[in-house]
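Residue-level structure breakdown
Chain by chain, the residues:
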Amino acid sequence: MEVGLIVGAAIGAVLVLIGAFKLMWRVAEPNEALIISGSKHKLEGLEEGMGFRIVTGRGTLVTPGMQAVRKLSLDLNQTELHVDCVTHQGIPLKVRGVVIFKVGDDFVSIANAARRFLDQQKLMAERVHTVFAGHLRAIVGGLTVEDMIRDREKLTGQARAACGTEMEKLGLIVDSLQIHEIEDPTGYIKNLSAPHLAAVRRDARIAQAEADRLATEAEQLAFGRMAEATRDSEILKAGYQAEQDKANAKARQAGPLADAAARQEVVVQETRVAELEAQRREQQLQADVRKPADAKAYEKRTLAEAERDARISAAEAKATETRSTGEAEAAATQAKGLAKAEANRAQGLAEADAIKARAAALAENQEAVVAQQLAEKWPEIVQAGASAFGNVDNMVVLNGADGVADMLAKALTMGGTGLGLARQLLSSMNQNGQAVNGTSSLNGTANPASQRVPVEEK
């Protein structure tokens, strides 16, 4: 009985101890920190002792009634940024972003956060928004729209640097700061992007047109290749069909061709027989008729050729003789012609020299030349004067001998008239220095006596 009581009391004491331990033991979760107040503790990094103790990631005993235990969340928090800003150019903008933050893992950060947000952890995002909004307005006021557009990383870096000290005081650290959007109520950014947008649209249209052109060329090339393939296919089909038709035609013609070949062979054999018979007959004809005829013809041809050669030899001999005779006669005739031509030439030269001498003498002494001419031609002159009476049968002369003398004197006077004219002509030629046709008058060719003397006839 006593043993049972002792055992029961021991068990009850153990249970009490376990229950008391459970009431006094607190364990911090990985994403929280236990803030135990009611006693001073000195922590690393803090010069002075705090009125609370911080426990993270482990368990600790808490004296009920003497110490109070509260939890501080170490989870990530975020706050949306909606900040109205004005740039350095005076252009109003709306910056949209997000800040992801948490309580720092070190005891100093946890202590700072516990002092500020332990009972107001829901207001932590609002406080962070306020801090970042103020610093963003200050930073954007020193930038231009172009700077913000081109380098958002610079904006976020400056914002994090500006808020770093204040966030440290709050016991918070920023895991991420992102600027999602920069709204432009005035349309400045839109107008700023208009030229580039137009260029992009132009390049897009050009690229689209180029792509359409290339696509069209590719389609045309593909259509051409399709057409070529179709053509080649049709050609192959036509070739196969032609070969098939040819084979069918050959098959259909095989029987008639075999019959024709057989008939052709028969004709060939018959032709050979006929040729052999013709050759036999020709040989017989050669022996019986052609060779004797050829012998007779050869005899006649030989005799005829001999007779022809004899005639040709005789004709050639005669022609040689005739040619020799003709050449001799031609040589004689040529010699005669040359002699006659040489004589004529000598006579012409002599006459030319005589004319030249007379012309020179005429130029020097005209009267002497004329007198000489008259002396040389005096018989002709007298003859010319006498010829006036040659046709007179009967002539009656008055005054006897005086009448005859007077008539003869008139006749001679008429004959000498021509010589006087020749003298005047020579004198005129000497004065003009020109050759006068009719020099034959010097030779006595003029016949003034040819004028008939009027004679009184009874």
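Calculation rules
- Residues numbered from 1 in each chain as written.
- Predicted model: local features only at pLDDT ≥ 70, side-chain atom pairs only at ≥ 80, totals over all residues.
- Heavy atoms only, no water.
- Helix = DSSP H or I, 4+ residues; strand = E, 2+ residues; numbered from the N terminus.
- Buried < 20%, exposed > 50% of the residue type's maximum accessible area, 1.4 Å probe, protein only.
- Contact = heavy atoms within 4.5 Å.
- Areas by Shrake-Rupley, 256 points an atom, 1.4 Å probe, with all protein chains shown as cover.
- pLDDT = per-residue confidence, 0-100.
- Patch = residues over 30% accessible without salt bridge, like charges linked within 9 Å, V, L, I, M, F, W, Y side chains within 5 Å.
- Salt bridge = Lys/Arg side-chain N within 4 Å of Asp/Glu carboxyl O.
- Pairing = 2+ DSSP bridges.
- Polar contact = N/O pair within 3.5 Å; in protein donor to acceptor, adjacent residues only side chain to side chain.
- Core = buried A, V, L, I, M, F, W, Y, C linked by side-chain atoms within 4.5 Å.
- Domains from an automatic or database assignment.
- Axes fitted to C-alpha atoms, helices over the stretch in contact; angles between N-to-C directions.
- Expected span 1.5 Å × (residues − 1).
- Parallel < 35°, antiparallel > 145°, perpendicular 65-115°, else oblique.
- Left-handed = near helix turned anticlockwise from the far one by under 90°.
- Nonpolar A, V, L, I, M, F, W, Y, C, P; charged D, E, K, R; others polar.

Thoughts on the overall build of the protein chain
In terms of regular secondary structure, the protein chain is built from nine helices and eight strands. Per-residue burial over the protein chain gives 22% buried out of 458 residues. Of all intrachain contacts in the protein chain linking residues separated by at least 6 positions in sequence, the fraction that spans at least 24 positions is 70%. Here the protein chain has roughly 31,900 Å² of accessible surface; of this, 56% comes from carbon and sulfur atoms.

Details of the confidence of the model for the protein chain
Averaged over every residue, the pLDDT of the protein chain is 76; the share at 70 or more is 74%. Mean pLDDT in the protein chain bottoms out at helix 9 (residues 400-432), which sits at 56, and peaks at strand 7 (residues 92-103), which reaches 90. This model gives residues 433-458 a pLDDT under 50, and the stretch forms 41 contacts once residues within four places in sequence are excluded.

Some thoughts on a nonpolar patch on the surface
Together, V3, V7, I11, V14, L15 and I18 line one region of the surface with nonpolar side chains, adding up to about 550 Å² of accessible area. Residue position: L15 is located in helix 1 (residues 2-24). Accessibility expressed as a relative area gives 56% for L15, which makes it exposed.

Regarding the pairing of strand 7
Of all twelve residues making up strand 7, nine are buried, and the element is well covered by its neighbours. Relative to strand 7, strand 6 (residues 77-86) is paired through ten bridges, and the arrangement is antiparallel. Across the sheet, V86 pairs through a bridge with P92, a residue of strand 7. A loop of five residues connects strand 6 with strand 7, the two strands running antiparallel in sequence, and G90 in this loop sits at a positive phi of about 80°. Alignment of strand 7 against strand 8 (residues 172-183), held across ten bridges, turns out to be antiparallel. Looking across to strand 8, one finds that V98 is bridged to Q178.

A word on the side chain of S176
Within the secondary structure, S176 sits in strand 8. Taking the relative accessible area as the measure of exposure, S176 reaches 19% and is therefore buried. A distance of 3.5 Å separates polar atoms of two side chains, one belonging to S176 and the other to Q178. When neighbours within four sequence positions are excluded, S176 is seen to be in contact with V98, V99 and I100.

Observations regarding the nonpolar core
Counting 43 residues, the largest nonpolar core has F132 and L172 as the members making the most contacts within it. At eight residues, helix 3 (residues 124-141) tops the list of elements feeding residues into this core. Two domains each put at least three residues into this core: domain 1 (26-42 + 49-73) and domain 2 (75-186). Not counting chain neighbours up to four residues away, the residues in contact with F132 comprise L81, V99, A159, C163, M167, V174 and L177. Counting five residues, the second-largest nonpolar core is a separate cluster that includes A28, L34, V55 and V62.

Overview of the pattern of salt bridges
For the coordinates displayed, the defined rule picks out twelve salt bridges. The residue R96 makes a salt bridge to E183 at a minimum N-O spacing of 3.6 Å. You can see R96 sitting in strand 7 and its partner E183 sitting in strand 8, a full 87 residues away along the chain. For E183, a relative accessible area of 26% corresponds to the partly exposed category. Across the salt bridge formed by E277 and R280, the nearest N and O atoms sit 2.4 Å from each other.

Focus on the environment of L172
Mapped onto the elements of the fold, L172 is located in strand 8. It is 9.2 Å that separates the C-alpha atoms of L172 and D105, two residues lying 67 residues apart in sequence. Beyond its immediate sequence surroundings of up to four residues, L172 is in contact with F101, K102, V103, G104, F117, M124, V128 and M167.

Digging into the sheet that holds strand 6
Spatial ordering of the open sheet is given by 6-7-8, a layout of three strands whose pairing is antiparallel. Edge positions in the sheet fall to strand 6 and strand 8, since each has one partner strand and no second. Pairs of neighbouring strands in the sheet enclose a mean axial angle of 25°, with direction left out of account. Strands in contact with helix 3 are strand 6, strand 7 and strand 8; relative to strand 6, the strand with the most contacts, it is inclined by about 30°.

Let's talk about helix 3
A rise of 1.5 Å per residue sets the reference length of helix 3, with its 18 residues, at 26 Å; its end C-alpha atoms lie 26 Å apart and thus fit the reference within 8%. Turning to helix 3, its buried residues are M124, V128, V131, F132, A133, H135, L136, I139 and V140. Here the buried face of helix 3 lies against strand 6, strand 7, helix 2 (107-117), helix 4 (145-150), helix 5 (152-169) and strand 8.

Some remarks on the packing of helix 3 against helix 5
How two helices pack is summed up by the angle between their axes together with the distance between the axes. Two elements in contact, helix 3 and helix 5, have axes whose closest approach is 9 Å; the angle formed by their N-to-C orientations is 135°. Relative to helix 5, the element helix 3 lies oblique. The hand of the helix 3/helix 5 crossing is right-handed. Each of V128, V131, F132, H135, L136, I139 and V140 in helix 3 lies in contact with helix 5, whose residues at this interface are L155, Q158, A159, A162, C163, E166 and M167. Per-class residue counts for the contact of helix 3 with helix 5 are eleven nonpolar, two polar and one charged.

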